[in-house]
Amino acid sequence: MTILRNDWSGPLKGEFDKPYYRELRTFLAEEYRTGTIFPDMYDIFNSLHTTPLHKVKAVILGQDPYHGPGQAHGLSFSVKPGVPVPPSLRNMLQELHEDLGCRIPNHGHLTHWAQQGVLLLNTVLTVRSGEANSHKGKGWEAFTDKVIQTVNTLDRPVVFLLWGSPAQSKLPMIDASRHGVIRSPHPSPLSAHRGFFGSRPYSRTNQFLRENGQEPIDWQLPQL
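A quick note: this is a predicted structure, and the numbers were derived from the prediction, not measured.

Rules behind the numbers
- Residues numbered from 1 in each chain as written.
- Predicted model: local features only at pLDDT ≥ 70, side-chain atom pairs only at ≥ 80, totals over all residues.
- Heavy atoms only, no water.
- Core = buried A, V, L, I, M, F, W, Y, C linked by side-chain atoms within 4.5 Å.
- Buried < 20%, exposed > 50% of the residue type's maximum accessible area, 1.4 Å probe, protein only.
- Helix = DSSP H or I, 4+ residues; strand = E, 2+ residues; numbered from the N terminus.
- Contact = heavy atoms within 4.5 Å.
- Phe/Tyr/Trp six-rings, centres within 6.5 Å; stacked < 30°, edge-to-face > 60°.
- 1 Å grid on protein atoms, 1.4 Å probe; cavity = no way out; pocket = protein on both sides within 12 Å on 5 of 7 lines; lining within 4 Å.
- Points joined across faces, edges and corners; volume = space filled by probe spheres on them.
- Nonpolar A, V, L, I, M, F, W, Y, C, P; charged D, E, K, R; others polar.
- Salt bridge = Lys/Arg side-chain N within 4 Å of Asp/Glu carboxyl O.

### Describing the nonpolar core
Judged by nonpolar contacts, the single largest core of 34 residues is most densely connected at Trp8, Phe45, Leu48, Leu119, Trp140, Phe143 and Val151. Sorting elements by how many residues they give to this core places helix α2 (residues 19-34) first, with six residues. Every residue in contact with tryptophan 8, bar those within four places of it in the chain, is listed here: Leu48, Thr51, Pro52, Leu53, Val56, Leu119, Val147, Thr150 and Val151. In terms of nonpolar packing, the next biggest core, distinct from the first, is built from 32 residues, Val79, Val83, Trp113 and Ala114 among them.

Below, the structure written as structure tokens:
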């Protein structure tokens, strides 16, 4: 398994020795040995590697990775270049266009956001091919809860974008008196029309960052 290579390693180091994580590691070793698991095992911690703790300005919380071939690469909602844009991400990009006037890119690769401090975190970091939520309840939730709690303890304000009830269940871990919290329905086609569209999460994130003396996010994804 990949070991964290940046400033996440300090606050998260102890997690890897806890019983829940040892059980998770054993489970994952067997899963990767016997089946097709996404993302590639070397991409599991990409969200943390791409967005160091000292750079985190915003957190977009997803549930678990895409379970189709070639999609997941360790950043929530993002797909690899050349992969068709999934429906939820298509709605996210449509709202971005309506909110800030950004052109809709020819891809769904969100590394440009992650490199600027948008932590694209799933609550579960692996999944079995073709089986959504198949690694739910195996221990990842405890690990990613620790990630959220670590961000919450930062001495600067961060924006948490919580889309849908699973993400909003993490609210008790977040000090909303210090951090920005933007809640709305999930951008999936099943719920986007119930309040995700028109919620303007991107401009609201930038407004909060500016009001707290931080550089806004350049949400415009470059063409690939």
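Still to come is the rest of the account.
### Re the packing of aromatic side chains
Applying the stated criterion across every chain yields a total of 15 aromatic pairs. Between phenylalanine 45 and tryptophan 140 the ring centres are 5.9 Å apart and the planes differ by 75°, which places this aromatic pair in the edge-to-face class. Placement of phenylalanine 45 in the loop between β1 (37-38) and α3 (46-50) and of tryptophan 140 in helix α6 (residues 140-152) is noted, with a sequence separation of 95 residues between them. Of the two residues, phenylalanine 45 and tryptophan 140, neither departs from the other in class, the shared state being buried.

### Points about the layout of surface pockets
By rolling a water-sized probe across the atoms, one finds the places where empty space is left. For the largest pocket, the calculated volume is near 500 Å³. The wall of the largest pocket is formed by 27 residues, among which Asp64, Pro65, Tyr66, Ser88 and His186 lie closest to the centre. The set of elements that each furnish at least two residues to the lining of the largest pocket consists of α4 (87-100) and β3 (118-122). Here the lining of the largest pocket is built from residues that sort into 13 nonpolar, 13 polar and one charged. In terms of lining, the second largest pocket is formed by Gln63, Asp64, Thr123, Val124, Asn133, Lys136, Glu141, Pro166, Ser169 and Lys170. In terms of residue class, the lining of the second largest pocket is built from two nonpolar, four polar and four charged.

### A word on helix α8 (residues 201-211)
Taken residue by residue, α8 has Pro201, Tyr202, Ser203, Thr205, Asn206, Phe208 and Leu209 as its buried positions. Buried residues in α8 make contact with β2 (58-62), α4, α5 (111-114), β5 (159-163) and β6 (180-184). Phi turns positive one or two residues past the end of α8, at glycine 213, with a value near 75°.

### Considering the pattern of salt bridges
One pass over the structure, following the stated rule, counts seven salt bridges. Among the ionic pairs, glutamate 15 bridges to lysine 18, the shortest N-O distance being 2.8 Å. Glutamate 15 gets classed as buried once you look at its relative accessible area, which sits at 5%. Close ionic contact of arginine 33 with glutamate 30 constitutes a salt bridge, the shortest N to O distance being 2.9 Å. Pair noted here: arginine 33 and glutamate 30 are both in helix α2, with a separation of three residues, about one helical turn. Judged by relative accessible area, which is 61%, arginine 33 ranks as exposed. The class of glutamate 30 is partly exposed, set by a relative accessible area of 38%. Three or more residues are tied together by salt bridges with common partners; here these are Glu31, Arg128 and Glu131.

### Considerations on the environment of valine 59
Inspection of the secondary structure assignment puts valine 59 in strand β2. Through-space distance from the C-alpha of valine 59 to that of leucine 120 is 6.2 Å; in sequence the pair is 61 residues apart. Excluding anything up to four places from it in sequence, valine 59 contacts Leu119, Val151, Val158, Val159, Phe160 and Leu161.

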